[in-house]
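One-letter residues, chain by chain:
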Amino acid sequence: MDVKKPELFCKQIEKLKNHGCVINDFDQAIMILNKINYYKLSAYFLPFKKEEGTYIKNTSLLGVYKIYEFDRKLSTLLYGIIQKIEVFIKTQIAYYHSNKYGSLGYMDNSNINSKFEVQHAKLICQFKQEVNRNKDLPFVKHHLEQYHGNFPLWVAVELFTLGNTSQFYSQLKTADKKVIAKAISYITQTNCTHFQLTSCLKCLTELRNKCAHFARLYYTKFTSTPNLPNTLSSQAFILGNKYIYLYSYIYVLKVLYPSPENWLSTVTDLKVLIEEYIEFINIKHIGFPENWEELLSKRA
């Protein structure tokens, strides 16, 4: 199959109009297409697309662009929350594991569940690749020169991705996972078993990657179903658990949020953003029920 040929902005606008998209201001349309790749923007037309490929009545380019704007701001908001959680989780794992098994105990596969030895070896290999990739960073250079390339776990986690952190936790011995889950639950004030924490970390990684790589959150189904504490599960899946949209993943953030006393400010930030774009968005397309604010504000 031949590769598609590029199209001028005016041709892209003509194509949108032919599909039923309302464009009242040509110059505005040109400006929008200058800001966002046509292919990327086309994904935001999905909720408005009919089976034959045309768009439902009154679908406008400006309206779809506003949804894109909302999506970008939503990703930025959530990414900031995820960063706080990532630092918190890494701290808890590194503190417990290094105090029990020593600074370099994470390198020893006898300190993880034996059935994950292959996965653990891959993880350590990835870590060493990260060391080589970041050898010019001051703290990496320092440990290479002063400590013969030995990185204690509390330093190593700075080079762990969130995915690496999630994998490492899942590889630990059950007894260790339970202790870490209990410590995390104490701080978050939400009881979370090690099974639930493993699931939440996997889901957090998926959400983090979407936010970090500018992937669409709006009208997107996530691949993993979060295993949440019973007190929150009924709220998170209030619209059903057949399709997992963003709303269910917000509960992953709630479960892992290290400052529960400030969680309501996060709900307020969400409310402000949603109200700013409520004219253009449909909250059901991110899985939010009408009473989402009330539900998310409840204590676990």
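Described in the following lines is the structure provided in the data block. The structure presented is a predicted model; accordingly, all values stated were derived computationally and were not measured.

### Considerations on the overall build of the protein
Part 1 of the reasoning: Helices and strands together make up the secondary structure of the protein, namely 14 helices and zero strands.
Part 2 of the reasoning: Mapped in sequence order, the helices and strands of the protein form the string α-α-α-α-α-α-α-α-α-α-α-α-α-α.
Part 3 of the reasoning: Principal axes of the C-alpha set define a box for the protein whose edges measure 65 × 45 × 35 Å.
Part 4 of the reasoning: Residues counted as buried form 48% of the 300 residues belonging to the protein.
Part 5 of the reasoning: Intrachain contacts of the protein at a sequence separation of at least 6 include 67% that bridge at least 24 residues.
Part 6 of the reasoning: Counting only carbon and sulfur atoms, one obtains 52% of the accessible surface of the protein, whose full area is about 16,300 Å².
Part 7 of the reasoning: For the protein, the separation between the mean place of its 37 positive charges and that of its 26 negative charges on side chains is 5 Å.

### What to know about the packing of helix α4 (residues 61-101) against helix α8 (residues 162-171)
Part 1 of the reasoning: Two numbers describe how α4 lies on α8: the axes approach to 11 Å, and their chain directions differ by 40°. By the angle between their directions, the pair α4 and α8 is classed as oblique. Crossing of α4 against α8: the hand is left-handed. Residue-level contacts link Ile82, Glu86, Ile89, Lys90, Ile93 and His97 of α4 to Leu162, Thr165, Phe168 and Tyr169 of α8.

### Here's the deal with the packing of aromatic side chains
Part 1 of the reasoning: A complete count under the given rule lists 14 aromatic pairs for this structure.
Part 2 of the reasoning: Aromatic pair Phe127 and Phe160: ring centres 5.9 Å apart, planes at 75°, arrangement edge-to-face. Within this pair, whereas Phe127 is found in helix α5 (residues 117-133), its partner Phe160 is found in the loop between α7 (153-156) and α8, the two being separated by 33 residues in sequence.
Part 3 of the reasoning: For Phe127, a relative accessible area of 4% gives the class buried.
Part 4 of the reasoning: The structure contains a cluster of three or more aromatic residues connected by ring pairs, namely Tyr106, Phe127, Phe151, Phe160 and Phe168.

### A short note on unusual backbone geometry
Part 1 of the reasoning: Phi at His148 is positive, roughly 55°, even though this residue is not glycine.
Part 2 of the reasoning: Along the chain, the position of His148 falls in the loop between α6 (138-146) and α7.
Part 3 of the reasoning: Given a relative accessible area of 71%, His148 falls into the exposed group.
Part 4 of the reasoning: Of note, Tyr219 is a non-glycine position whose phi angle comes to about 60°, a positive value.

### Here we look at the environment of Gly20
Part 1 of the reasoning: Along the chain, Gly20 turns up in the loop between α1 (9-18) and α2 (26-35).
Part 2 of the reasoning: Taking relative accessible area as the criterion, Gly20 reaches 34% and is therefore assigned partly exposed.
Part 3 of the reasoning: Separated by 39 residues in the primary sequence, Gly20 and Thr59 have C-alpha atoms spaced 7.3 Å apart.
Part 4 of the reasoning: With sequence-adjacent residues up to four places away left out, Gly20 is seen in contact with Tyr55 and Thr59.

### Quick look at helix α13 (residues 263-277)
Part 1 of the reasoning: With 15 residues, α13 should reach 21 Å at 1.5 Å per residue; the first-to-last C-alpha distance of 22 Å fits that figure.
Part 2 of the reasoning: All of the buried residues along α13 are Trp263, Thr266, Val267, Leu270, Leu273, Ile274 and Tyr277. End-on, the buried residues of α13 take up no more than an arc of 125°, which puts them together on one face.
Part 3 of the reasoning: Looking at the buried side of α13, the elements it contacts are α4, α12 (246-256) and α14 (292-297).

### Things to note about the side chain of Gln171
Part 1 of the reasoning: Position of Gln171 relative to the elements: it lies in helix α8.
Part 2 of the reasoning: Excluding anything up to four places from it in sequence, Gln171 contacts Ile112, Asn113, Phe116, Gln119, His120 and Leu123.

### A few points about α8
Part 1 of the reasoning: Most of α8 sits out of view: nine of its 10 residues are buried.
Part 2 of the reasoning: Within α8 the residues assigned to the buried category are Leu162, Gly163, Asn164, Thr165, Ser166, Phe168, Tyr169, Ser170 and Gln171.
Part 3 of the reasoning: Buried-residue contacts for α8 involve α4, α5, α7, α9 (174-188) and α10 (194-212).

### Describing the environment of Tyr218
Part 1 of the reasoning: Within the secondary structure, Tyr218 is located in the loop between α10 and α11 (230-236).
Part 2 of the reasoning: In this structure the C-alpha to C-alpha distance between Tyr218 and Ser103, which are 115 residues apart in sequence, comes to 42 Å.
Part 3 of the reasoning: What Tyr218 contacts, discounting residues up to four positions off in sequence, is Tyr44, Pro47, Ile67, Phe70, Asp71, Ile281, Asn282, His285 and Ile286.

### Structural notes on the environment of Asn191
Part 1 of the reasoning: Looking at where Asn191 falls in the secondary structure, it is placed in the loop between α9 and α10.
Part 2 of the reasoning: By relative accessible area, Asn191 is classed as exposed at 68%.
Part 3 of the reasoning: Taking the C-alpha atoms as reference, Asn191 lies 24 Å from Ser98; in sequence the two are 93 residues apart.

Criteria and cut-off values
Within each chain, residue numbers correspond to sequence positions counted from 1 in written order. Only residues with pLDDT of 70 or above have their local features reported here, since the model is predicted, and side-chain atom pairs are shown and tallied only from 80 upward, although totals for entire chains, interfaces and linings are computed over all residues. Side-chain metrics in this entry use all non-hydrogen atoms of the structure; hydrogen atoms and water are not considered. Put simply, DSSP marks the helices as runs of H or I at least four residues long and the strands as runs of E at least two long, and each gets a number from the N terminus on. Burial classes: relative accessible area under 20% of the type maximum marks a residue as buried, over 50% as exposed, and values in between as partly exposed (1.4 Å probe, protein chains only). Only heavy atoms enter the contact rule, under which two residues are in contact if any of them lie within 4.5 Å. Note on areas: Shrake-Rupley, 1.4 Å probe, and residue coverage restricted to the protein chains presented here. We treat Lys and Arg as the positive residues and Asp and Glu as the negative residues; His and chain ends play no part in the count. Where a charge lies is defined by one atom per residue type, namely NZ (Lys), CZ (Arg), CG (Asp) and CD (Glu). Throughout, an axis means a line fitted to C-alpha atoms (over the contacting stretch in the case of helices), and angles, computed between N-to-C directions, take values from 0 to 180 degrees. Relative orientations are named as follows: roughly parallel for angles under 35 degrees, roughly antiparallel for angles over 145 degrees, roughly perpendicular for angles from 65 to 115 degrees, and oblique for any other angle. Working rule for handedness: look at the near helix, and if it is turned counterclockwise from the far one by less than a right angle, call the crossing left-handed; if clockwise, right-handed. Each aromatic pair joins two rings of Phe, Tyr and Trp (for Trp, the six-membered one) with centres within 6.5 Å, and gets the label stacked for planes under 30 degrees apart, edge-to-face for over 60, and tilted for any other angle. The span one expects for a helix is its residue count, reduced by one, times 1.5 Å. Think of the arc as the fan of directions from the helix axis to the C-beta atoms.

Distances and angles like these do not, on their own, reveal function.
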